[in-house]
Amino acid sequence: MTTTERQIYDLGEAPPLGVVPEKMYAQVIRQNRYGPPISGFAQETVPVPKLGPNDVLVYVMAAGVNYNGVWASLGMPIDLIRSHRQTGDGGDEVGFHIAGSDASGIVYAVGRDVENVKVGDEVVLHCGMWDKGEDQGSLSTSFKIWGFESNWGSFAQFTRVRSHQCLPKPKHLTWEEAACYMLVAATAYRMLASWAPHTVRKDDPVLIWGGSGGLGSMGIQVTKAMGGIPIAVVSNDERGKFCTDLGAAGYVDRTKFHHWGRLPDWSNEEAMTKAVLGFRAFGKAVWEILGERRNPRIVFEHSGQDTIPTSLFVCDSGGMVVICAGTTGYNADVDLRYLWMRQKRLQGSHFANTAESAAVNQMVIDGLIDPCLTKVLAFDEVGLAHQLLYENRHPNGNMAVLVGAPAPGMKTL
Ligand SMILES: NC(=O)c1ccc[n+]([C@@H]2O[C@H](COP(=O)([O-])OP(=O)(O)OC[C@H]3O[C@@H](n4cnc5c(N)ncnc54)[C@H](OP(=O)(O)O)[C@@H]3O)[C@@H](O)[C@H]2O)c1
């Protein structure tokens, strides 16, 4: 790495290409600040991380905002700083966490063995981190989500990633557009394209929870691009319109139903009947959108505890509920009768591998997927951005924060 006599550069003032200062500004989480994101993040000056042989140092132009930053700030359900200390992980035992699992930026330094990128390359980063030699993506034994399970995420002037995380930045996108989509897009792509035989086929109905959210907006577009029929679930008409504008065939407003949450015990006949009536009414709303009595072959899940009983009920016989999160809780009840008699599949899915990330990045490059950037914030608003997510008050689609980019709308340095 080339270093400079200047210890630190101002935000928005890029060091000369390849020059790496000793220190940087970062939005930092500490154990004594664990709590709501608005006060969980604070700007500090910290050292620029050192590189291992397969690492790349990226000057962050813009960073994407994801729900995992909310969990990181809360210190729940995992105390990440404690966990970084326990795993050691080459310098992650510094006593703080820099969150951020999405970014666009410029390569400023590369480790000894890096071959796929060089200083000056403009990149987007995928958040799947694993050791060299493992090629199982999120099934690798060393798998970590960069900026969540590993430190040195993107809410800082520089971030440290493994070289395989670097993909070409779509040239037609601004830095903030390029920063906002990869985590959710690659996750959605794996959920819909990688669990054969339950991949989206032409005219397959696909039910997408949180259709206007980060994951959901990508789920709608990937489904559409694969020839399926996306049907969104949302909590108001404005969010519903956002989904139909993106290509959804229609939307169900979940606030019109009241059967959410855990299942009653099967022996409580009255409560069970009430729950089943709720499932049926919800399923009927899906049929009305499709204009025929067809159930979704794939249900795209991440809301979890509140919605899994409904998802498993409305999923078609022989279909799949694919899930990557439990935003409303992890204790999701499965009525096994529907699972075995209707031969449905409940499939977990977690982020993606490099091939899946590259495939969805290519769909963005080809203009098949819009990043759905709807809000751009300043670097000192990282806490605010996550607070909006935490309170489900964020705008539709995805948010990004400007880091090195001095203004919105810029596509190169
Ligand atoms: N495993 C992975 O690789 C992976 C990757 C990406 C994200 N995730 C996780 O996936 C979850 C969603 O992420 P995101 O970025 O899409 O978040 P997001 O943008 O906040 O979207 C979540 C959506 O969930 C909906 N929702 C909220 N409460 C709900 C409820 N009680 N029932 C049904 N829907 C509800 C909201 O839409 P409405 O209120 O309009 O219904 C909201 O738009 C998070 O927990 C995140 O950590 C996991």
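These notes cover the structure that comes with them. Being a predicted model, the structure only gives us computed values, none of them experimental.

Moving on: the packing of helix H5 (residues 182–193) against helix H6 (residues 214–225). Contact geometry of H5 with H6 gives a least axis separation of 8 Å together with a crossing angle of 50°. As the angle between them shows, H5 and H6 are arranged oblique. The interaxial crossing formed by H5 with H6 has right-handed handedness. Within the contact between the two elements, H5 uses Val-184, Ala-185, Thr-187, Ala-188, Tyr-189 and Leu-192 and H6 uses Gly-214, Leu-215, Met-218, Gly-219, Val-222 and Thr-223. Taken together, the residues of the contact of H5 with H6 break down into eight nonpolar, four polar and no charged.

What follows covers the nonpolar core. Core analysis: the biggest nonpolar cluster contains 80 residues, and Val-56, Leu-125, Phe-155, Tyr-181, Met-218, Val-360 and Val-401 have the highest contact counts within it. In this structure, Val-360 is in contact with Met-182, Ala-185, Ala-186, Tyr-189, Val-222 and Ile-369, ignoring residues within four places of it in sequence. Ranked by size, the runner-up nonpolar core spans 23 residues in total, among them Ala-275, Val-314, Val-321 and Ile-323.

What follows covers the site of the ligand. Close contacts around the ligand come from 26 residues, with Gly-214, Ser-235, Arg-254, Cys-324 and Phe-351 the closest. Interatomic distance of 2.8 Å between a backbone N/O atom of Cys-324 and a nitrogen atom of the ligand. At 2.9 Å, a side-chain N or O of Thr-327 approaches an oxygen atom of the ligand. When the ligand is considered free in solution it has 910 Å² of accessible area, and contact with the protein chains removes 89% of it.

Let us look at the sheet that holds strand S12 (residues 205–208). Taken in spatial order, the six strands make up an open sheet running S14-S13-S12-S15-S16-S17, and their pairing is parallel. Of all the strands in the sheet, the pair left with one neighbour each is strand S14 (250–253) and strand S17 (345–348). Direction aside, neighbouring strands of the sheet carry axes that sit 20° apart on average. Alignment of strand S16 (residues 320–323) against S17, held across four bridges, turns out to be parallel. Of the residues in S17, the one forming a bridge with Ile-323 is Gly-348. Across the face of the sheet, H5 comes into contact with S12, strand S15 (298–301) and S16 while running at roughly 155° to S15.

Cut-offs applied
- Residues numbered from 1 in each chain as written.
- Predicted model: local features only at pLDDT ≥ 70, side-chain atom pairs only at ≥ 80, totals over all residues.
- Heavy atoms only, no water.
- Axes fitted to C-alpha atoms, helices over the stretch in contact; angles between N-to-C directions.
- Helix = DSSP H or I, 4+ residues; strand = E, 2+ residues; numbered from the N terminus.
- Parallel < 35°, antiparallel > 145°, perpendicular 65-115°, else oblique.
- Left-handed = near helix turned anticlockwise from the far one by under 90°.
- Contact = heavy atoms within 4.5 Å.
- Nonpolar A, V, L, I, M, F, W, Y, C, P; charged D, E, K, R; others polar.
- Core = buried A, V, L, I, M, F, W, Y, C linked by side-chain atoms within 4.5 Å.
- Buried < 20%, exposed > 50% of the residue type's maximum accessible area, 1.4 Å probe, protein only.
- Near = heavy atom within 4 Å.
- Polar contact = N/O pair within 3.5 Å; in protein donor to acceptor, adjacent residues only side chain to side chain.
- Areas by Shrake-Rupley, 256 points an atom, 1.4 Å probe, with all protein chains shown as cover.
- Pairing = 2+ DSSP bridges.

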